[in-house]
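Chains, contacts and geometry: an overview
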Amino acid sequence: MNAFPATRPASALDGVFVTGTDTEIGKTAISAALVGLLARTGLRVAGLKPIAAGTALIDGERINEDVHALRAASSVTLDVPEICPCQLDAACAPHIAARLEGRTIDRDVVLAAVHAAAARCDRLVVEGVGGFNVPFDDDGRWSSADLAVDLGLPVILVVGLRLGCINHALLTAEAVRARGLHLCGWVANVVDPQMPHLDGNLDALARGLGSAPCLGLVPRLPVASPTAIAPYLNVPAIHALFRSNSLSTETA
């Protein structure tokens, strides 16, 4: 029995849930690159970030920069509330940002928006918030980990390569699997270009993450656009992942 059983039945959504070892480790850049990669096959693909904290004025529009990037990469035209049904202004933990605005993050509204977007798409790439277990309320009843369970999607882990990444990655993988979710792959993203013993860290990650394959090693790039990231992704492995009938089932 899982230590963290699903509170709702797993859905039949087709796509992945992207989480990270921490905040500011390139999760959105990798998510947008995955969206672009799938969109180039002719599929209707959208990147969603159901909950986002922190907005800025971009091209005259008040929008979260991650939501902006995912919308730009998508091959399906969605409005901001469809991509991000809960967009908060303050750049802080979502439950704190919601409290500052006198709001609550409504679970049913968020899930309904994801399913509505899915009805218009062939594939979804759903990005979580920060690390895997970021809280969405003050009493611990709902978190980014619970959102992943609610959606029932397989999980791709973005590992920010910097000191401490092995511990963060293995703890995240343990938390994902403890909730009965399938960790279907991981992408290594260089955060610290001066990180010592990079190869040794990658070897330890590959061993520690077990059956989950490495789907790419992305260096520190001047501009981390989807097209710049794409050459560093394992494209055949990613396409095979999305073709596989075992996406929603943990195999090891």
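Quick note: structure is the one above.
Residues numbered from 1 in each chain as written. Predicted model: local features only at pLDDT ≥ 70, side-chain atom pairs only at ≥ 80, totals over all residues. Heavy atoms only, no water.

To continue, consider the environment of Asn201. Relative to the helices and strands, Asn201 is located in helix H8 (residues 198–208). Residue Asn201 is classed as buried on the basis of its relative accessible area of 13%. Along the sequence, Asn201 and Leu215 sit 14 residues apart, while their C-alpha atoms lie 16 Å from each other. (Helix = DSSP H or I, 4+ residues; strand = E, 2+ residues; numbered from the N terminus. Buried < 20%, exposed > 50% of the residue type's maximum accessible area, 1.4 Å probe, protein only.)

Moving on, we come to the pattern of salt bridges. With the rule as written, the count across this model stands at twelve salt bridges. For the salt bridge of Asp66 with Lys49, the shortest nitrogen-to-oxygen distance reads 2.7 Å. Of the two residues, Asp66 is situated in helix H2 (residues 65–73) and Lys49 in the loop between strand E2 (45–48) and strand E3 (51–53); the sequence distance between them amounts to 17 residues. Judged by relative accessible area, Lys49 falls into the buried class, the value being 5%. (Salt bridge = Lys/Arg side-chain N within 4 Å of Asp/Glu carboxyl O.)

Strand direction decides the pairing type here: strand E9 (residues 183–190) and strand E10 (residues 214–218), joined by four bridges, are parallel. Bridge pairing in E10 places Asn189 opposite Val218. Assessed by its sense of winding, the connection that carries the chain from E9 through H8 to E10 is right-handed. (Pairing = 2+ DSSP bridges. Right-handed = clockwise from strand over helix to strand, strands pointing away.)

Turning our attention to the packing of helix H7 (residues 165–178) against H8. The N-to-C vectors of H7 and H8 enclose an angle of 15°; their axes lie 10 Å apart at closest approach. Classified by the angle their axes make, H7 and H8 are roughly parallel. Handedness of the H7/H8 crossing: right-handed. When H7 is examined against H8, the residues Cys165, Ile166, Ala169 and Leu170 are found in contact with a partner set consisting of Asn201, Ala204, Leu205 and Gly208. Looking at the contact of H7 with H8 residue by residue, the classes come out as six nonpolar, two polar and no charged. (Axes fitted to C-alpha atoms, helices over the stretch in contact; angles between N-to-C directions. Parallel < 35°, antiparallel > 145°, perpendicular 65-115°, else oblique. Left-handed = near helix turned anticlockwise from the far one by under 90°. Contact = heavy atoms within 4.5 Å. Nonpolar A, V, L, I, M, F, W, Y, C, P; charged D, E, K, R; others polar.)

This brings us to the pairing of strand E7 (residues 123–131). Counting buried residues along E7, nine of its nine residues qualify, which places the element largely inside the surrounding structure. The pairing of strand E1 (residues 15–20) with E7 spans five bridges and is classified as parallel. Considered in E7, the bridge of Gly15 is made with Leu124. Note: E2 against E7, four bridges, orientation parallel. For Val45, the partnering residue across the bridge sits in E7 and is Arg123.

A word on the packing of helix H1 (residues 27–39) against H2. Packed helices, taken two at a time, are described by their axes: the angle between them and the distance between them. At a closest axis distance of 8 Å, the pairing of H1 and H2 adopts a crossing angle of 10°. Considering the angle they form, H1 stands roughly parallel to H2. Between H1 and H2 lies a crossing of right-handed hand. Contacts between H1 and H2 involve Thr28, Ser31, Ala32, Val35, Gly36 and Ala39 on the former and, on the latter, Asp66, Ala69, Leu70 and Ala73. A breakdown of the residues in the contact of H1 with H2 according to their chemical character gives six nonpolar, three polar and one charged.

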